[in-house]
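Next come the chains, spelled out residue by residue.
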Amino acid sequence: MASVDSNDLFPVRTINFLGRDVPTLGQNEFGPCALLGVVNALLLRGTLKISSDHGALTLQDVLARLADRMMEANQRAQESSDEASLNVRAALDGAVTRLPTLAEGLDVNVKFNGGFEFTSDLAIFDLLDVRLVHGWRVDGENDPETAEALGSRSYNECIQEVVQLRTDELEGAAKQRAELVSAFLERTKTQLTYAGLAEIHSTLRENEVGVLYRNLHFSTVFKRDGVLYALVTDIGYRQQKNIIWERLDDVGGDTDFCDATFKPAAPTSSEDPDHLLALQLARDDEAARERASAPLPTAAATEVTPASAPGAATADADAALARQLQRAEADADAALARQLQAEEDAAARSRPPPPPAAHSPPPPAA
């Protein structure tokens, strides 16, 4: 993850959203960070506004606008002195100082039976009234054994169990449970399941804008006519003015891009489908590299185990192994993306040039 610099720029892209021209922010070196997801959600709602004349905004400017919006959204609590209001004011003080973490990296720990493990960082979403969702959910109805093995535990708890399994530290019932957990994590590496999609559908209201967490990335999502869409913020699509949304209806990534009217987006005259495919593969490659370089998510980043404490060395070794396994999977994804893109480039070079356009013969002389 890139280090935070208050002068880092976010490009501004104006899109049409339900008949309104709305400036939105695009990705920079921070990638699809939580800040991008939250700010774009507020911009689409109209509760945060920027001028379309801006070509880009600095991180400092974005954070200042977000802090102002957070204070406005909780104005009543600042004017009251009851216990609930005092708690909100205390949460506000902490959230404002934590806003930069939305850009530099937010610790999120999903639970496979729904929701997240609460952290002080997640309070930012609550204070801005932005719903955070994920789709990495086990199907308890069709796979009750795995659902029971996962229980109400979080990703961090489960991954530590998998590390113990791969280092032959478990046996008996504990080993069988860990094998079910490991198999689930392996077959749901996209971190989106159909049970998870169903959960998101039931959580988001019609025409609600929220933020989706998936594979260390945060996307602004919108539910329209019973369909989920993710806002496209990749810099590679900035010049593709008709590509605004990505339809979220397939857990394997075989999704369609849509225009401002939520209809399939046709390539512009300057871009053919092969180039769009290359852009998609490049985006997947970049996402895989980010996952490879990112540390294993931790539920409690502020809790430090002293090196001298019993079990500290084992915990460090387990975490290192877990990161190694995660990076190996990401490297494989990146290699496949590069291979597919190379094959597509080779196929494009081998295609014969199109025939010259036919010209109508001149009319006969009078």
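Residues numbered from 1 in each chain as written. Predicted model: local features only at pLDDT ≥ 70, side-chain atom pairs only at ≥ 80, totals over all residues. Heavy atoms only, no water.

Another aspect to go through is the pairing of strand β6 (residues 217–224). One face of the sheet, then the other: side chains in a regular strand alternate in exactly this way. Among the eight residues in β6, six count as buried, and that is most of the element. Note that strand β5 (residues 209–214) and β6 share six bridges and pair antiparallel. Bridging across to β6, Leu 212 finds its partner in Ser 219. Connecting the antiparallel pair β5 and β6 is a turn made up of two residues, with Asn 215 showing a positive phi of about 55°. Here four bridges tie β6 to strand β7 (residues 227–231), and the two strands are oriented antiparallel to one another. The residue bridging Val 221 from the neighbouring strand is Ala 230, located in β7. Counting the residues between successive antiparallel strands, the hairpin from β6 to β7 contains two residues, one of them, Asp 225, with a positive phi of roughly 55°. (Buried < 20%, exposed > 50% of the residue type's maximum accessible area, 1.4 Å probe, protein only. Helix = DSSP H or I, 4+ residues; strand = E, 2+ residues; numbered from the N terminus. Pairing = 2+ DSSP bridges.)

Turning next to helix α9 (residues 172–187). In a regular helix each residue adds 1.5 Å, so 16 residues correspond to 22 Å; α9 covers 23 Å between its end C-alpha atoms and thus fits that length. By the burial criterion, the buried members of α9 are Ala 178, Val 181, Ser 182, Phe 184 and Leu 185. Down the axis of α9, the buried set is contained in an arc of 160°. They therefore lie on one face. Facing away from the buried side of α9, by more than 90 degrees, are the exposed residues Ala 173 and Gln 176. Check the buried side of α9 and you find it contacts α7 (144–150) and α8 (155–166). (Expected span 1.5 Å × (residues − 1). Arc of directions from axis to C-beta. Contact = heavy atoms within 4.5 Å.)

This part is about the packing of helix α1 (residues 34–45) against helix α2 (residues 59–73). For any two helices packed against each other, the geometry is given by the interaxial angle and the distance between the axes. Direction vectors running N to C along α1 and α2 enclose 55°, while the axes themselves pass 11 Å from each other. Here α2 runs oblique to α1, going by the angle between their axes. α1 and α2 meet at a crossing whose hand is left-handed. From α1, Leu 35, Val 38, Val 39 and Leu 42 reach across to α2, where they touch Leu 59, Val 62, Leu 63, Leu 66 and Arg 69. (Axes fitted to C-alpha atoms, helices over the stretch in contact; angles between N-to-C directions. Parallel < 35°, antiparallel > 145°, perpendicular 65-115°, else oblique. Left-handed = near helix turned anticlockwise from the far one by under 90°.)

The residue Asp 129 is not glycine, and still its phi comes out positive at about 60°. Within the fold, Asp 129 resides in the loop between α6 (123–127) and β4 (132–134). Residue Gln 191 is not a glycine yet carries a positive backbone phi of 60°. Structurally, the position occupied by Gln 191 is in the loop between α9 and α10 (194–203). For Gln 191, a relative accessible area of 12% translates into the label buried.

Let us look at the packing of aromatic side chains. Applying the stated criterion across every chain yields a total of 12 aromatic pairs. Aromatic side chains Phe 222 and Phe 262 sit 5.8 Å apart centroid to centroid with 35° between the ring planes, which places their arrangement in the tilted category. Of the two residues, Phe 222 is situated in strand β6 and Phe 262 in the loop between β9 (257–258) and α11 (273–293); the sequence distance between them amounts to 40 residues. A single burial state applies to Phe 222 and to Phe 262, both of which are buried. Through a chain of ring-to-ring contacts, three or more aromatic side chains come together here, namely Phe 17, Phe 222, Tyr 229, Trp 245 and Phe 262. (Phe/Tyr/Trp six-rings, centres within 6.5 Å; stacked < 30°, edge-to-face > 60°.)

Taken in spatial order, the three strands make up an open sheet running β2-β1-β3, and their pairing is antiparallel. Where the open sheet ends on each side, the last strands, each with one partner, are β2 (20–25) and β3 (56–58). Direction aside, neighbouring strands of the sheet carry axes that sit 35° apart on average. In the packing of α2 onto the sheet, contacts are made with β1 (9–17), β2 and β3, and the angle to β3 comes to roughly 80°.

This part takes up the sheet that holds β5. Across the sheet, which stays open at both edges, the six strands sit in the order β4-β5-β6-β7-β8-β9 with mixed pairing between neighbours. Looking along the sheet, the strands with just one partner apiece sit at the ends: β4 and β9. Pairing analysis gives three bridges linking β7 to strand β8 (residues 245–247), with the strands arranged antiparallel. Bridging across to β8, Ala 230 finds its partner in Glu 246. In the packing of α1 onto the sheet, the strands contacted are β5, β6, β7 and β8, and the crossing angle to β5 comes to about 165°.

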